[in-house]
Amino acid sequence: MQGTVDGFSCGLVTPVAAYLLACLGGALGLRCTTRSLRHGGALRPGWLALGATSIGSGIWTMHFVAMMGFTVAEAPISYDRPITFASLGIAVVMTGIGIFIVGHRGATAMALITGGTITGLGIASMHYLGMAGMRLQGRLVYDTPTVALSVVIAVVAATTALWAAVSVHGFLASLGASLAMGVAVSGMHYAGMAAVDVHLHGTVPPSAVGDSPATLLAPMLVGPAVFLILAAAVVMFDPLLVTGDRDEAPPVRLSRTVPGAVPAQRRLPSYGEPANRSASPRTVRRVSQRSRQR
């Protein structure tokens, strides 16, 4: 028996909320990655870790907020807690690997492709591991081409996001990159959900195994609250992290001298020779005539 699947049982509330969370996590993560590239030394790992945690947690929270609107008419849905939070760990770790590659290797083509691929696979792994944590009296069946499409979307979105982190500067450009990342991550999620069919196994038992969506609602709300508090703190104490303006002084242009060489001393002009060699011949004659008169 095939179940009746509805991915928008709450209307536009869950898609819009999930999209905003993806944009928020992406914006904070991208700006942290940008700051890590501008400041080396001991602060770089901290910025990269904060960026990875922001993007991974934002994507994970977006996924389960969107899943609040996913229902099967013939069967209640619950979630297994260990598998659910294991998907959060995978999202943060694999996103961190991709961000650290770009943060330490720079904006090279190989670093962007490698980091984007790892990050995209982490996003897809988080999605399908989170789906594996669903508990219902049935079996999930996936359409392979649609699953492959969702993975491609995740990889392209992650690579584009990392490129934007190292290439885009300014508030409006950063805002546009964050909105585009939210569209890509949400598109990956709903492409993956479009690949799902539910095959039910007869009658539903009176008690479901695992946590209900209402039980998981509390940690889901903690994520957005932490993001809002962190974003407010960043705006208050370090607004350049959000605006993306350059906070570094322009580089000092050094003279081209050979290391260790003694700088040449300026030769003093001899008697009757003008101090400024660029002076015109007429000025040179006047100086000579005055010296003769004296």
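Numbers given to residues run from 1 along each chain, matching the order in which its sequence is written. Local features in this predicted model are restricted to residues of pLDDT 70 or higher, and side-chain atom pairs are both shown and tallied only at a pLDDT of 80 or more, whereas totals for entire chains, interfaces and linings draw on every residue. No hydrogens and no water enter the side-chain calculation; it runs on all heavy atoms of the structure.

Chemist: Pulling in residues and values, what's your account of the overall build of the chain?
Modeler: Secondary structure elements are taken from DSSP: a helix is a run of H or I of four residues or more, a strand is a run of E of two residues or more, and numbering for both begins at the N terminus. Helix and strand counts for the chain stand at 9 helices and 6 strands. For the chain, buried positions account for 39% of its 294 residues. Considering only intrachain contacts with a sequence separation of at least 6, the fraction spanning at least 24 residues in the chain is 86%. Throughout this description, buried means an accessible area under 20% of the type-specific maximum (1.4 Å probe, protein chains only), exposed means over 50%, and partly exposed covers the range between. What makes two residues a contact is simply this: any of their non-hydrogen atoms within 4.5 Å.

Chemist: How would you explain the packing of aromatic side chains if you had to name every residue and give the values?
Modeler: Aromatic rings from Phe, Tyr and Trp, with only the six-membered ring used for Trp, were paired whenever their centres fell within 6.5 Å, and each pair was classed as stacked if the ring planes differed by under 30 degrees, edge-to-face if by over 60, and tilted otherwise. All chains considered together, the criterion is met by 5 aromatic pairs. Seen from their ring centres, F8 and Y190 are 5.3 Å apart, and the 15° between their planes marks the pair as stacked. Placement of the pair is F8 in the loop between β1 (5–6) and α1 (13–38) and Y190 in helix α6 (residues 171–194), with a sequence separation of 182 residues. Each ring, one from Y128 and one from Y142, has its centre 5.6 Å from the other, and the planes form 80°; the classification is edge-to-face. Note that Y128 is positioned in helix α4 (residues 109–132) and Y142 in strand β5 (residues 138–142), a separation of 14 residues in sequence. An aromatic cluster of at least three residues, connected via ring pairs, comprises W60, F64, Y79 and F85.

Chemist: How would you summarise the nonpolar core if you had to cite specific residues and measurements?
Modeler: Residues belong to a common nonpolar core when they are buried Ala, Val, Leu, Ile, Met, Phe, Trp, Tyr or Cys residues joined through side-chain atoms within 4.5 Å. Core analysis: the biggest nonpolar cluster contains 48 residues, and M67, F70, V72 and M134 have the highest contact counts within it. For this core, the secondary structure elements donating two or more residues are α1, α2 (43–67), α3 (81–105), α4, α5 (144–167), α6 and β6 (196–200). Sort the elements by how many residues they give to this core and α2 lands first, with 10 residues. Setting aside chain neighbours within four positions, we find V72 in contact with G3, T4, V5, I77, L136, V198 and L200.

Chemist: Any chance you could break down empty space enclosed by the protein for me, citing the residues and the numbers?
Modeler: Here a cavity denotes grid points, spaced 1 Å and computed from the protein atoms alone, that fit a 1.4 Å probe unable to get out, and a pocket denotes an open set having protein on both sides within 12 Å along at least 5 of 7 lines; residues with an atom within 4 Å of a point are the lining. Grid points are joined across faces, edges and corners, and a volume is the space filled by probe spheres set on the points. Evaluation of the coordinates by the stated rule reveals 2 cavities of 30 Å³ or more. A volume near 40 Å³ is recorded for the largest cavity. Forming the boundary of the largest cavity are L30, I55, T95, T119, A158, A161, L162 and M181. The biggest single contributor to the lining of the largest cavity is α5, with 3 residues. Under this grouping Gly is polar, as are all residues other than the nonpolar Ala, Val, Leu, Ile, Met, Phe, Trp, Tyr, Cys and Pro and the charged Asp, Glu, Lys and Arg. Here the lining of the largest cavity is composed, by residue class, of 6 nonpolar, 2 polar and no charged. Of the volumes computed, that of the second largest cavity is approximately 30 Å³. Around the second largest cavity sit I59, M62, H63, I123, M126, H127, V185, M188 and H189, which together line it.

Chemist: Hey, could you go over the side chain of T95 for me, with residue numbers and the actual values?
Modeler: Following the sequence through the fold, T95 ends up in helix α3. Not counting chain neighbours up to four residues away, the residues in contact with T95 comprise A52, I55, G56, I90 and T119.

Chemist: How would you sum up α5? Please name residues and give values.
Modeler: How far a helix is expected to stretch is found by multiplying one less than its residue total by 1.5 Å. For α5, with 24 residues, the first-to-last C-alpha span of 34 Å sits near the 34 Å given by 1.5 Å per residue. Listing the buried residues of α5 in full gives T146, V147, S150, A154, V155, A157, A158, A161, L162, A164, A165 and V166.

Chemist: Could you give an account of the confidence of the model for the chain, with specific residues and numbers?
Modeler: Residue-level confidence of the predictor is what pLDDT reports, using numbers from 0 through 100. Here the chain averages 75 in pLDDT, while 69% of its residues score no lower than 70. Within the chain, helix α8 (residues 240–243) has the poorest average pLDDT of any element, 53, and α4 the best, 91. For residues 261–275, every residue scores under 50 in pLDDT, and the model assigns this stretch 8 contacts once sequence neighbours within four places are set aside.

Chemist: So what's going on with the packing of α4 against α5? Residues and values would help.
Modeler: Helix axes are fitted to C-alpha atoms over the stretch in contact, other axes to C-alpha atoms as well, and angles between N-to-C directions run from 0 to 180 degrees. For the pair α4 and α5, interaxial distance at closest approach is 7 Å and the crossing angle is 135°. Judged by the inter-axis angle, α4 sits oblique to α5. Judged by the sense of rotation from one axis to the other, the crossing of α4 with α5 is right-handed. Together, L112, G115, G116, T117, T119, G120, L121, I123, A124 and Y128 of α4 and V147, S150, V151, A154, V155, A158, T159, L162, W163 and V166 of α5 make up the contact between the two elements. Relative orientations are named as follows: roughly parallel for angles under 35 degrees, roughly antiparallel for angles over 145 degrees, roughly perpendicular for angles from 65 to 115 degrees, and oblique for any other angle. Handedness of a helix crossing follows the sense of rotation of the near helix relative to the far helix, less than a right angle counterclockwise being left-handed and clockwise being right-handed.

Chemist: Would you mind going over the pairing of β6 in detail, with residue names and values included?
Modeler: Side chains V196, V198 and L200 project from β6 onto a buried face, and the interleaved D197 and H199 project onto a face without burial. As paired elements, β5 and β6 share 5 bridges and run antiparallel to each other. Bridging from a neighbouring strand, R139 pairs with H199 of β6. Paired strands are those between which DSSP finds at least two bridges.

Chemist: Before we move on, could you go through the packing of α2 against α3 and cite the residues and values that matter?
Modeler: Contact pair α2 / α3: the axes reach a minimum separation of 8 Å and the direction vectors enclose 140°. Considered as vectors, α2 and α3 are oriented oblique to each other. For the element pair α2 and α3, the recorded crossing hand is right-handed. Each of R44, P45, L48, A49, G51, A52, T53, I55, G56, S57, W60 and F64 in α2 lies in contact with α3, whose residues at this interface are T84, F85, S87, L88, A91, V92, T95, G96, I99, F100, G103 and H104. The class makeup of the residues in the contact of α2 with α3 is 13 nonpolar, 10 polar and 1 charged.

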